[in-house]
Amino acid sequence: MNKSNKFFDELNFLNIFKLELEKINTLKELNLLRVKYFGKKGIISKKITRLQYLDLHDRKNFGKIINNIKCSMYIFFQQKKEILDKKESNKKEILQDIDISLPGRRKNIGSMHPITNIIYYIESIFRSFGFCVINKSFEIENQYYNFDALNIPVYHPARNTQDTFWFDSDRLLRTQTSNMQIHEIKKKHLPIQIIVPGKVYRKDNDYTHSPIFHQVEGLVIDKGANFSNLIWVIKNFLKCFFNKSMKIRFRSSYFPFTVLSTEVDIMTDQDHWLEVLGCGMVHPNILDRFDIDKKIYSGFAFGMGVERMIMLYYGINDLRLFFKNDIKFLKQFDRSRYY
Ligand code: DAH
């Protein structure tokens, strides 16, 4: 075998390089391979040194071949390096990102607004008395339901006490949940024993009044429903709500849609009477309007302001706090208290 043939045989080191490259798993191993092949005393430089023993023609040809092989090797080498680089930097990132000594991040879990919460609380008490809760109620209303059908015709002075947001000459934002009395009576599914919580609207805005506030309306129409039933319901509701026997008084009052109307006051811790709700026996006009036989059926109704109840419950004196959505304020009301 002449010199050039022997030299040619030795040029299959590309395949050997590829096999060795395949087995490599770390950048450290790759570096060793680089030195072995591309280093100063590496395989390629040794081959190049040996070119000098060939004649000029072979030297030129084999020189080109070695250069081509070197380029291919370099490409394979770079590809492998990129893969390993990525692998190792991923590993590093994962290790850097996860600081297992850090305390876990707490999730900010929202909670029920105190008004919603108090409404649920009120509902649960009335449910225990056998009332149904009506949650679908009308906030945009015709004057018929909000006023006329409740014995408050256009020229009735009671209309002025409830400063109303009107859309047009007929439609308005309801000023009281009593509108739902009419919707329910109209269905004539007797007996009725319901409460209806919901928002009401009036043109009022100071620290004890808000243009939006909440009421809970109650209505019972049944055979023989009477005033002492009403007193029982109110007394026991207040006792359950405040979780103690409250000093309360029924003070004679006036509402257009009830006869024998009263307001209910409770004695506060500061020793003064505070009005919490209005109630009375359903006005016979209303029963007549919907052809309900007054000889058989009678009814009572009541309505309370939710914000007033919650202010009393917690001793809060600025109503506007409920609508500011100040997290610090809202966080004080722990849901678990009501259940
Ligand atoms: N709707 C009355 C108001 O907003 C409250 C009220 C009083 C409701 C007496 C009633 C009732 O059902 O019988 O001031």
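Given the structure is predicted, the values throughout are model-derived calculations rather than measurements.

Turning next to the packing of aromatic side chains. Within a pair of aromatic rings, the relevant descriptors are the distance that separates the centres and the angle that separates the planes. Tallied over the full model, the rule gives 21 aromatic pairs. Judged by centre distance (6.1 Å) and plane angle (75 degrees), the ring pair of Tyr-121 and Tyr-313 falls under edge-to-face. Taken together, the residues Tyr-121 in helix H6 (residues 114-128) and Tyr-313 in helix H12 (residues 306-314) connect sequence positions 192 residues apart. Look at Tyr-313 and you get partly exposed, because its relative accessible area is 28%. Counting every residue linked through ring pairs, the aromatic cluster contains Tyr-121, Phe-126, Phe-129, Phe-131, Trp-232, Phe-237, Phe-241, Phe-242, Phe-302, Tyr-313 and Tyr-314.

Picture the strands of a sheet paired through backbone hydrogen bonds; they go either parallel or antiparallel. On the basis of which strands lie adjacent, the open sheet formed by 7 strands has the order E1-E4-E5-E9-E8-E7-E6 and mixed pairing. Looking at the sheet topology across the chains shown, the edges are occupied by strand E1 (132-133) and strand E6 (248-255). Note that strand E5 (residues 212-223) and strand E9 (residues 297-305) share 9 bridges and pair antiparallel. In the strand pairing of E9, Asp-222 is matched with Ser-298. The sheet strands contacting helix H9 (residues 179-187) are strand E4 (192-201), E5 and E9, and the helix crosses E5 at an angle near 35 degrees. Along the sheet face, helix H10 (residues 227-242) touches E6, strand E7 (258-267), strand E8 (273-282) and E9 and points at about 30 degrees away from the line of E9.

Quick notes on the rules
Residues numbered from 1 in each chain as written. Predicted model: local features only at pLDDT ≥ 70, side-chain atom pairs only at ≥ 80, totals over all residues. Heavy atoms only, no water. Phe/Tyr/Trp six-rings, centres within 6.5 Å; stacked < 30°, edge-to-face > 60°. Helix = DSSP H or I, 4+ residues; strand = E, 2+ residues; numbered from the N terminus. Buried < 20%, exposed > 50% of the residue type's maximum accessible area, 1.4 Å probe, protein only. Pairing = 2+ DSSP bridges. Contact = heavy atoms within 4.5 Å. Axes fitted to C-alpha atoms, helices over the stretch in contact; angles between N-to-C directions.

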